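Next come the chains, spelled out residue by residue.
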Amino acid sequence: MNQGKGKTGGPCPSPPQLGMPGVTTLIVRNIPSRYSAEKLLQEWNPDCNMDLIHAPYDFEERRFCGHVFVNFTHPEYAVMFRDRWHGQKIGRASCRERV
């Protein structure tokens, strides 16, 4: 692994990998810009495993930015979500994007 120098001059720590203890937040990319967090909740049908969905909004373009941050209550739920949705298309989107 290629490690650079951190701000203190020491090696940069490796980024956390999904499945490591404590990793509960995912960035989900390739979300159609016309989708909202509410539409994603309908699509993903969460069962209280998610405790936060943040969908950044571009006020100039007046639409979502195409990615969301999803936080899960336990790391196992993040892994299960990734296994279920990685590479899948969002079915209700007019332009079906792979997430």
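Because the structure is predicted, anything quoted here is derived from the model rather than measured.

Conventions we followed
Residues numbered from 1 in each chain as written. Predicted model: local features only at pLDDT ≥ 70, side-chain atom pairs only at ≥ 80, totals over all residues. Heavy atoms only, no water. 1 Å grid on protein atoms, 1.4 Å probe; cavity = no way out; pocket = protein on both sides within 12 Å on 5 of 7 lines; lining within 4 Å. Points joined across faces, edges and corners; volume = space filled by probe spheres on them. Helix = DSSP H or I, 4+ residues; strand = E, 2+ residues; numbered from the N terminus. Nonpolar A, V, L, I, M, F, W, Y, C, P; charged D, E, K, R; others polar. Core = buried A, V, L, I, M, F, W, Y, C linked by side-chain atoms within 4.5 Å. Buried < 20%, exposed > 50% of the residue type's maximum accessible area, 1.4 Å probe, protein only. Contact = heavy atoms within 4.5 Å. Pairing = 2+ DSSP bridges. Axes fitted to C-alpha atoms, helices over the stretch in contact; angles between N-to-C directions. Phe/Tyr/Trp six-rings, centres within 6.5 Å; stacked < 30°, edge-to-face > 60°. Lys NZ or Arg CZ within 6 Å of the ring centre and 35° of its normal.

*Asks:* How should the layout of surface pockets be read in this particular structure?
*Replies:* Sizing a probe to match a water molecule and rolling it over the atoms shows the empty space that remains. In this structure, the second largest pocket spans a volume of roughly 200 Å³. Lining the second largest pocket are Trp44, Asn45, Pro46, Asp47, Asn49, Met50, Phe72, Tyr77, Met80, Phe81, Arg84 and Trp85. At five residues, helix α2 (residues 75-85) tops the list of elements feeding residues into the lining of the second largest pocket. Residues of the lining of the second largest pocket, tallied by class, amount to eight nonpolar, two polar and two charged.

*Asks:* Sorry, what's going on with the nonpolar core here?
*Replies:* The nonpolar side chains of soluble globular proteins are, as a tendency, buried together. One finds Ile31, Trp44, Val68, Val70 and Phe81 to be the most contacted residues of the largest nonpolar core, which totals 17 residues. Residue assignment for this core shows that the elements contributing at least two residues are β1 (25-29), α1 (37-44), β2 (50-54), β5 (67-72) and α2. Those residues in contact with valine 70 that sit more than four places away from it in its chain are Thr24, Thr25, Leu26, Val28, Trp44, Met50, Leu52 and Ile53.

*Asks:* What is the right way to read the sheet that holds β5 from this model?
*Replies:* In any sheet, the strands associate via hydrogen bonds between backbone groups, in a parallel or an antiparallel arrangement. Strand order in the open sheet formed by three strands is β1-β5-β2, and the pairing between neighbours is antiparallel. In the strand order of this sheet, the two ends are held by β1 and β2, each with one partner. Looking at each pair of strands side by side, their axes are set apart by 20 degrees on average, direction ignored. Examined bridge by bridge, β1 and β5 share five bridges and lie antiparallel to one another. Each residue of the ladder has a partner; that of isoleucine 27, found in β5, is phenylalanine 69. Set on the sheet, α1 makes contact with β1, β2 and β5; between it and β2 the angle comes to about 140 degrees. Across the sheet, α2 is in contact with β1, β2 and β5; its angle to β1 comes to roughly 20 degrees.

*Asks:* Explanation requested: the packing of aromatic side chains in the structure shown.
*Replies:* The full count for this structure, using the stated rule, is six aromatic pairs. A ring pair is formed by tyrosine 57 and phenylalanine 59, whose centres lie 4.9 Å apart and whose planes are at 70 degrees; its orientation type is edge-to-face. Taking relative accessible area as the criterion, tyrosine 57 reaches 33% and is therefore assigned partly exposed. For phenylalanine 59, a relative accessible area of 68% gives the class exposed. Positioned above the aromatic ring of tryptophan 85 is the side chain of arginine 84, whose terminal nitrogen or guanidinium carbon lies 4.1 Å from the ring centre.

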